[in-house]
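Overview (structure and organization)
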Amino acid sequence: LAAALSPFAATRRIGHPYQNRTPPKRKKPRTSFSRVQICELEKRFHRQKYLASAERATLAKALKMTDAQVKTWFQNRRTKWRRQTAEEREAERQQANRLMLHLQQEAFQKSLSQPLPQDPLCMHNSSLYALQNLQPWAEDNKVTSVSGVASVV
């Protein structure tokens, strides 16, 4: 009973506030271009990514299209071209990364099988000699230093 007497209850509207506006215009159906038109547009795009207004008007007239259709087609085609080139660059980057990783693994495996060249400075200093021959991945090679002379056990 109190809610019915409230001054706000009488002014409350039913429905969405934008319902009273005029309905939006219908979308124009998608335009279908002929194969000849698409072929000519693609050839021109391959040569020239951007058209000046006079070039666009000439091409539109030659293809029996409107200026707006040619303009929109070129905008859409540039977007597609950018996406494709970005995807190609990403694929090339990933391939280069895989190659680099493979080369690093090969170099690491090769370094495991080849003995390190002896550094003359390390030969006279037992601490440097031990560090040079330290190979944490090789369990059977343990470097020890006894009385200032390094030896491999």
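Here the residue index of a chain counts from 1 through its sequence in written order. pLDDT decides what is reported in this predicted model: residues at 70 or higher carry local features, side-chain atom pairs at 80 or more are listed and counted, and totals for whole chains, interfaces and linings draw on all residues regardless. Hydrogen atoms and water are omitted, and side-chain values are computed over all heavy atoms in the structure.

1. Here we look at the overall build of the protein
- Secondary structure summary: the protein contains seven helices and two strands in total.
- By definition, any uninterrupted DSSP run of H or I lasting at least four residues is a helix, any uninterrupted run of E lasting at least two residues is a strand, and each is numbered from the N terminus. Shown N-terminal to C-terminal, the secondary structure of the protein runs as helices and strands in the order α-α-α-α-α-α-α-β-β.
- To sort residues, take the accessible area from a 1.4 Å probe on protein chains only and compare it with the maximum for the residue type: under 20% means buried, over 50% means exposed, and anything in between is partly exposed. Counting all 153 residues of the protein, 15% fall into the buried class.
- Long-range contacts, defined as pairs at least 24 residues apart, comprise 35% of the intrachain contacts of the protein with a sequence gap of at least 6.
- Summed over its atoms, the accessible surface of the protein is roughly 13,600 Å², and 57% of this surface lies on carbon and sulfur atoms. Note on definitions: a residue-residue contact is assigned when non-hydrogen atoms from the two residues lie within 4.5 Å. Each accessible area is a Shrake-Rupley estimate made with a 1.4 Å probe; only the visible protein chains count as cover when residues are assessed.

2. Side note on the packing of aromatic side chains
- Pairing of aromatic side chains requires ring centres within 6.5 Å, counting the rings of Phe and Tyr and the six-membered ring of Trp. Pairs whose planes differ by under 30 degrees are stacked, by over 60 edge-to-face, and all others tilted. Tallied over the full model, the rule gives four aromatic pairs.
- Here the aromatic rings of F45 and W81 are separated by 6.2 Å at their centres, their planes lie at 80°, and the arrangement is edge-to-face. Of this pair, F45 sits in helix 3 (residues 35–47) while W81 sits in helix 5 (residues 67–113), and the two are 36 residues apart along the sequence.
- Owing to a relative accessible area of 2%, F45 belongs among the buried residues under this scheme.
- We classify W81 as partly exposed; its relative accessible area is 31%.
- Through a chain of ring-to-ring contacts, the aromatic side chains of F45, W73, F74 and W81 assemble into a single cluster.
- In this analysis the charged atom, NZ for Lys or CZ for Arg, is taken to sit over a ring once it is within 6 Å of the ring centre and within 35 degrees of the ring normal. Looking at K49, its charged tip hangs above the ring of F45, at a distance of 4.7 Å from the centre.
- Its end group placed over the ring of W81, K49 keeps NZ or CZ at 5.1 Å from the ring centre.

3. Looking at the packing of helix 3 against helix 5
- Across the interface, helix 3 lies against helix 5 with an axial gap of 11 Å and an inter-helix angle of 60°. The angle between helix 3 and helix 5 places the two elements in the oblique class. When you trace helix 3 past helix 5, the crossing you get is right-handed. Counting all contacts with helix 3, which are made through L41, E42, R44 and F45, the residues of helix 5 involved are V70, W73, F74, R77, R78 and W81. Between N-to-C directions, angles cover 0 to 180 degrees, with each direction set by a line fitted to C-alpha atoms, over the stretch in contact for helices. When describing relative orientation, an angle under 35 degrees is termed roughly parallel and one over 145 degrees roughly antiparallel, while 65 to 115 degrees is termed roughly perpendicular and anything else oblique. The sense of a crossing depends on the near helix, which, turned anticlockwise from the far helix by less than a right angle, makes the crossing left-handed and, turned clockwise, makes it right-handed.

4. Notes on the side chain of R56
- Secondary-structure assignment places R56 in helix 4 (residues 53–62).
- A relative accessible area of 15% means that R56 is categorised as buried.
- Sequence-distant contacts of R56, defined by excluding residues within four places in its chain, comprise L51, D67, V70 and K71.

5. Focus on the side chain of Q37
- The topology assignment puts Q37 in helix 3.
- For this analysis, a polar contact is any N or O atom pair within 3.5 Å, provided that within protein one partner can donate a hydrogen and the other can accept it, and provided that sequence-adjacent residues contribute only side-chain to side-chain pairs. A distance of 2.9 Å separates a polar atom in the side chain of Q37 from the backbone nitrogen of S34.
- In contact with Q37, other than residues within four places in its own chain, are L63, K64 and M65.

6. As for the nonpolar core
- Core analysis: the largest hydrophobic core is formed by 10 residues, namely L41, F45, L51, L59, A60, L63, M65, V70, W73 and F74.
- Elements supplying a minimum of two residues to this core: helix 3, helix 4 and helix 5.
- If one sorts the elements of this core by residue count, helix 5 sits on top with three residues.
- With near-sequence residues (within four places) excluded, V70 lies in contact with L41, L51, R56, L59, A60 and M65. The set of buried Ala, Val, Leu, Ile, Met, Phe, Trp, Tyr and Cys residues whose side-chain atoms join them within 4.5 Å is what this entry labels a nonpolar core.

7. Comments concerning the packing of helix 4 against helix 5
- Relative orientation of the contacting elements helix 4 and helix 5 amounts to 110°, with a least axis distance of 8 Å. In terms of axis orientation, helix 4 runs roughly perpendicular to helix 5. The hand of the helix 4/helix 5 crossing is right-handed. In contact with S53, R56, A57, L59 and A60 of helix 4, helix 5 contributes D67, V70, K71 and F74.
- For this scheme, ten residues count as nonpolar: Ala, Val, Leu, Ile, Met, Phe, Trp, Tyr, Cys and Pro. Four count as charged, namely Asp, Glu, Lys and Arg, and the remainder, Gly too, count as polar. Of the residues assigned to the contact of helix 4 with helix 5, the class counts are five nonpolar, one polar and three charged.

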